[in-house]
Amino acid sequence: MISIQNEPISTPAFIAAVTAGEPKISVIGTGAYLIEAPGAFDLEAQRRIWALAHAVEPWPEVREVVPGVTNLLVILKRTPVEPEQFEARLRTEWNCSRAIDLVGKTVEIPVTYGGEHATDLAAVCDYTGLTDRQVVQLHWQGDYTVVALGSAPGFGYLHGLDPRIHVPRKTVPSLRMLKGTVTIGGMQTGVSVLTGPNGWNSIGFAELPMFDPMKNPPALLAPGDKVRFVPERIEL
């Protein structure tokens, strides 16, 4: 790890929290339900999704539960005879659920910030009004929680990105972003696990593999894990 001089950066006055309300429940095909937490993305809402998954998974008619980012996919063994009654059970369980924390490991990911793979760093600076060093500093200083895996095998959606570097996904994706690229997408960050099209903003590169099908488990990250990015090199 290299030594870095911290720079003073202004702090936002307010960060919005999740709002209370009823979840949205959608029927997926004939044998699955998608439950979406109300309000904007928030770690508290994610903790309730984890609690709901924990409560629903043992139900005899449930084949599998798949937690997403503030949503939960419940896959049934067969089409329910009374779909409305099953949906009502899901709503009742949501209203009774209390947020839980998943106990996970801590993963340190060495990163080369800037350089040839950080093709969107300049655009991030333009959008935020920060210098490249400030963007990098805010990113590696964050404490991140893996809220879900998805979009590609082993890709972890990381919560904890400083609001000052929240940057929307690109309207035109990069056609060939390399596996290992460190990216920002909206209020989340992550490390790409596949080479291919990607709409997130690249700011660095990590050599550490996020997914290896020959290992058990194949994914380096799991929901509830804590992640720290370590600035191994900075090329600005």
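Computed from a predicted structure; not experimentally measured. (Residues numbered from 1 in each chain as written. Predicted model: local features only at pLDDT ≥ 70, side-chain atom pairs only at ≥ 80, totals over all residues. Heavy atoms only, no water.)

Asker: Give a description of the overall build of the protein chain that names residues and reports values.
Answerer: When its secondary structure is counted, the protein chain shows four helices and 13 strands. In summary, the protein chain has a C-alpha radius of gyration of 19 Å against a globular reference of 18 Å for 236 residues, a match within 12%. With the principal axes as the frame, the protein chain shows a C-alpha extent of 60 × 45 × 35 Å. For the protein chain, the residues scored as buried account for 45% of the 236 residues in total. As displayed, the protein chain offers around 12,500 Å² of accessible surface, 55% of which is attributable to carbon and sulfur atoms. Within the protein chain, the 25 negative side-chain charges are centred at a point lying 3 Å from the centre of the 20 positive side-chain charges. (Helix = DSSP H or I, 4+ residues; strand = E, 2+ residues; numbered from the N terminus. Rg over C-alpha atoms; globule rule 2.2 N^0.38 Å. Buried < 20%, exposed > 50% of the residue type's maximum accessible area, 1.4 Å probe, protein only. Areas by Shrake-Rupley, 256 points an atom, 1.4 Å probe, with all protein chains shown as cover. Lys, Arg positive; Asp, Glu negative; His and termini not counted. Charge placed at Lys NZ, Arg CZ, Asp CG, Glu CD.)

Asker: Explain the sheet that holds strand β3 (residues 62-68) residue by residue, including any values.
Answerer: The antiparallel open sheet is built from four strands, whose spatial order is β1-β2-β4-β3. Each having just a single partner strand, β1 (24-28) and β3 make up the two edges of the open sheet. Neighbour-to-neighbour, the strand axes of this sheet turn through a mean angle of 15°, independent of strand direction. Judged from the six bridges that link them, β3 and strand β4 (residues 71-76) form a sheet pairing that is antiparallel. Across the sheet, residue Val66 finds its bridge partner in β4, namely Leu73. Running at roughly 170° to β3, helix α1 (residues 43-56) makes contact with β2 (32-36), β3 and β4 of the sheet. In this fold helix α2 (residues 83-96) packs onto β1, β2 and β4, with an angle of close to 35° to the strand it touches most, β2. (Pairing = 2+ DSSP bridges. Axes fitted to C-alpha atoms, helices over the stretch in contact; angles between N-to-C directions. Contact = heavy atoms within 4.5 Å.)

Asker: Now, about the UniProt feature "domain: Carboxyltransferase" (unreviewed entry) in the protein chain: what can you tell me, with residues and values included?
Answerer: UniProt records the feature "domain: Carboxyltransferase" (unreviewed entry) at residues 23-221, using the numbering of this structure. Overall, residues 23-221 shows 23% helix and 32% strand. The separation of its end C-alpha atoms is 27 Å. (UniProt positions renumbered as here; feature names shortened; annotations may be inferred.)

Asker: Quick one: what's the story with the packing of α1 against α2, residue by residue and with numbers?
Answerer: Their axes nearest at 9 Å, the elements α1 and α2 cross at an angle of 125°. Taken together, α1 and α2 sit at an angle that is classed as oblique. Handedness of the α1/α2 crossing: right-handed. Counted together, Ala45, Arg48, Ile49, Leu52, Ala55 and Val56 of α1 and Leu90, Glu93, Trp94 and Asn95 of α2 form the full contact between these two elements. (Parallel < 35°, antiparallel > 145°, perpendicular 65-115°, else oblique. Left-handed = near helix turned anticlockwise from the far one by under 90°.)

Asker: A description of unusual backbone geometry should follow, citing residues and the corresponding values.
Answerer: In this structure, the amide linkage connecting Asn216 to the following residue, Pro217, adopts the cis form with an omega of 0°. Mapped onto the secondary structure, Pro217 falls in the loop between β12 (201-205) and β13 (226-235). With phi around 50°, Thr70 is a residue other than glycine that occupies positive phi space. Considering the arrangement of structural elements, one finds Thr70 in the loop between β3 and β4. Although it is not a glycine, Ser151 sits at a positive phi angle of roughly 70°. Mapped onto the elements of the fold, Ser151 is located in the loop between β6 (144-149) and β7 (156-159).

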